[in-house]
Protein chains: 2
Amino acid sequence: MDIINYYKWRYATKKFNPDKKIPISDIELIKESIVLAPTSYGLQLFKVIIIENQLRKEALRKLSYNQTQVSDASHLFIFCNSTKVFEKDIDLYIENKSISQEVPIEENKGYGDFLKKTLLNKSSEEISEWTKNQLYIALTHLMTACASLKIDSCPIEGFDTSKYNEFLDINKKSLSAGVVAAIGYRSESDNSQNNKKVRKSAKDIFQVD
Amino acid sequence: MDIINYYKWRYATKKFNPDKKIPISDIELIKESIVLAPTSYGLQLFKVIIIENQLRKEALRKLSYNQTQVSDASHLFIFCNSTKVFEKDIDLYIENKSISQEVPIEENKGYGDFLKKTLLNKSSEEISEWTKNQLYIALTHLMTACASLKIDSCPIEGFDTSKYNEFLDINKKSLSAGVVAAIGYRSESDNSQNNKKVRKSAKDIFQVD
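Counting of residues starts from 1 at the beginning of each chain's written sequence and follows it residue by residue. Each chain is given a letter, starting from A, and each ligand a number, starting from 1, according to the order in which they appear as written. Local features in a predicted model are, by the rule used here, given only for residues with pLDDT of at least 70; side-chain atom pairs are given and counted only at 80 or more, and totals for whole chains, interfaces and linings are based on all residues.

Draft legend 1. Spotlight on the domain arrangement of chain A. Residue and element names in this part refer to chain A. Residue ranges for the domains trace back to a domain assignment, done automatically or taken from a database. Each assigned domain of chain A is listed here: domain 1 (7-85 + 130-184) and domain 2 (86-121). Each partner contributes residues to the interface: domain 1 has six residues there, and domain 2 has six residues. For this scheme, ten residues count as nonpolar: Ala, Val, Leu, Ile, Met, Phe, Trp, Tyr, Cys and Pro. Four count as charged, namely Asp, Glu, Lys and Arg, and the remainder, Gly too, count as polar. In terms of residue class, the side of domain 1 that touches domain 2 is built from four nonpolar, one polar and one charged. Once C-beta atoms are placed from the backbone, any two residues with those atoms within 7 Å are in contact.

The following block contains the structure:
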């Protein structure tokens, strides 16, 4: 089963080769895998900021406990979740759904009203927690797509969220940096590539009820 | 690229064929995909409760806004995150890491102390938010593994968490039901299988910076 092999091949790369860049055609496939990630109600309440510029990567490393993956990776994908749902987010989704599925927009109006009633009055904390969960689906699509392309990745939670948001100037867009993926190619000297994966046994994870 | 095809094939199944059961060999592959899901620091602070029993599925449907996927699916995978980190969670990880990677446990002691210092004093809210994020990585591994096996799935967030926890009797284990996957085979009469996927265009998701 190819999928299991991708999951086995992937590891959290500790040291990237800073000279090896991901070709644009592979970046496009990775982006497609993120676009296809499922989200709650299909709303896709997130943005991904892609950073390739070396100076900007260096600046972000300083806001990420100086982890060298941040500056040595070929690309940084910063997954940012919405901190608020706006009426226009739902209107846009309903419009997009109506066009994609070729049904009159009136037929989807009731569903749009339901979404508005459900989401517009939630607090920023509730929305953020919920949209941040969903970032991890998109992150996982990226990691698996990368593995299938023999591209290395390292998911990163260790960064200063406030400073990232300030650096990226995204507060005003009601977005917050939720999780980061550094992607590129492992350095030959990354010893962690030789480490055996550490995992619990299935009996310690699953309970059949 | 096979991965993109799996992502395209997958859809949130609205109606399962209740008579079609997933063979055990496929369940084992799905479980392996979940075991391989990466987690923060590798700690795997989650459990998955697998429900096949029809009466228990019916009972859970009532705690899930009566969504028929919950009772019609072949299996329910209930992803439960830890709400607290215990010293023994870290000790077990360090022990497992030392054995898997064949290094003396003393060499990993410093790392274990770091993890304890970092995690043991966090509030239950902080831990839950963090461990719940990670459930979505495992959930995504399941969805992709299923798609590669032509097994349908439906991720479900719409359920009463407190009542699930009570029904599953997991509060006392410092676990909470975070997200559910209903998996099985689509019903021929599930009209949603014919719907075109609704997705934003890449330019509305990505910002190259």
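Next comes the rest of the account.
Draft legend 2. Seen up close, unusual backbone geometry. One non-glycine residue, Asp169 of chain A, lies in positive phi territory at about 55°. Strands are runs of DSSP state E lasting at least two residues, helices are runs of H or I lasting at least four, and both sets are numbered from the N terminus onward. Within the secondary structure, Asp169 of chain A sits in the loop between helix H8 (161-168) and strand S4 (175-184). For the exposure call, what matters is how many other C-beta atoms sit within 10 Å of a residue's own: 20 or more marks it buried, 12 or fewer exposed, and in between partly exposed, using C-beta atoms placed from the backbone. For Asp169 of chain A, a count of 10 C-beta atoms within 10 Å gives the class exposed. Its identity is not glycine, yet Tyr41 of chain B carries a phi of approximately 55°, on the positive side. Along the chain, the position of Tyr41 of chain B falls in the loop between helix H2 (24-35) and strand S1 (46-51).

Draft legend 3. Inspection of the nonpolar core at higher detail. As used throughout, a nonpolar core is a set of buried Ala, Val, Leu, Ile, Met, Phe, Trp, Tyr and Cys residues joined through C-beta atoms within 7 Å of each other. Counting residues in hydrophobic clusters, the biggest one holds 106 residues, and the most contacted among them are Ile78 of chain A together with Ile78 and Phe79 of chain B. Other than its neighbours up to four places away in sequence, Phe79 of chain B contacts Phe46, Val48, Leu135, Ala138, Leu139, Gly178, Val179 and Val180 of chain B.

Draft legend 4. Local environment of the sheet that holds S1 of chain B. A strand pair is defined by DSSP finding two or more bridges across the two strands. Pairing in this open sheet of five strands is mixed, and the strands run S5(A)-S1(B)-S2(B)-S4(B)-S3(B) from one edge to the other. Of all strands in the sheet, those with a lone pairing partner are strand S5 (206-208) of chain A together with strand S3 (152-156) of chain B, marking the two edges. The sheet shows a mean angle of 25° between the axes of neighbouring strands, taken without regard to direction. Here S1 of chain B runs beside strand S2 (residues 75-82) of chain B; their pairing, made up of six bridges, is antiparallel. To obtain an axis, a line is fitted to C-alpha atoms, over the contacting stretch when the element is a helix, and the angle between two such axes runs from 0 to 180 degrees between their N-to-C directions.

Draft legend 5. Examining the relation of the copies chain B and chain A more closely. Of the two same-sequence chains, chain B is brought onto chain A (RMSD 0.0 Å, axial shift 0.0 Å) by a rotation of 180°. Put plainly, the chains are arranged around a two-fold axis. No C-alpha of chain B approaches the rotation axis more nearly than that of Asn133 of chain B, which lies at 2.4 Å. Overlaid copies result from least-squares superposition on C-alpha atoms, with residues included only where pLDDT is at least 70 in both.

Draft legend 6. Region of the structure containing the sheet that holds strand S2 (residues 75-82) of chain A. Across the sheet, five strands lie side by side as S3(A)-S4(A)-S2(A)-S1(A)-S5(B); this open sheet has mixed pairing. Each edge of the open sheet carries a strand with a single partner, namely strand S3 (152-156) of chain A together with strand S5 (206-208) of chain B. Looking at each pair of strands side by side, their axes are set apart by 25° on average, direction ignored. The pairing of S2 of chain A with S4 of chain A spans eight bridges and is classified as antiparallel.

Draft legend 7. Geometry of the interface of chain B and chain A. Contact residues are listed per partner, giving 52 residues for chain B and 52 residues for chain A. Those elements that place two or more of their residues in the side of chain B that touches chain A are helix H1 (2-9), H2, S1, helix H5 (87-100), helix H7 (124-148), helix H9 (202-205) and S5 of chain B. The element that contributes the greatest number of residues to the side of chain B that touches chain A is H7 of chain B, accounting for 11 residues. Bridge analysis of strand S1 (residues 46-51) of chain A against S5 of chain B gives three bridges, and the strand direction is parallel.

Draft legend 8. Seen up close, H1 of chain B. Buried within H1 of chain B we find Ile3, Tyr6 and Tyr7 of chain B. Buried residues of H1 of chain B, seen end-on, are gathered within an arc of 95° and therefore sit on one face of the element. Those residues of H1 of chain B that are exposed and aimed more than 90 degrees away from the buried face are Asp2, Asn5, Lys8 and Trp9 of chain B. Of the surrounding elements, those touching the buried residues of H1 of chain B are helix H2 (24-35) and helix H7 (124-148) of chain A together with H7 of chain B. Here the arc refers to the set of directions running from the helix axis out to each C-beta atom.

Draft legend 9. Region of interest: the pairing of S3 of chain B. Residues and elements named next belong to chain B. Counted residue by residue, S3 has five buried out of five residues, so it is predominantly covered. For S3 and strand S4 (residues 175-184), the ladder comprises five bridges, and the chain directions are antiparallel. Bridge pairing links Asp152 to Gly184 in S4.

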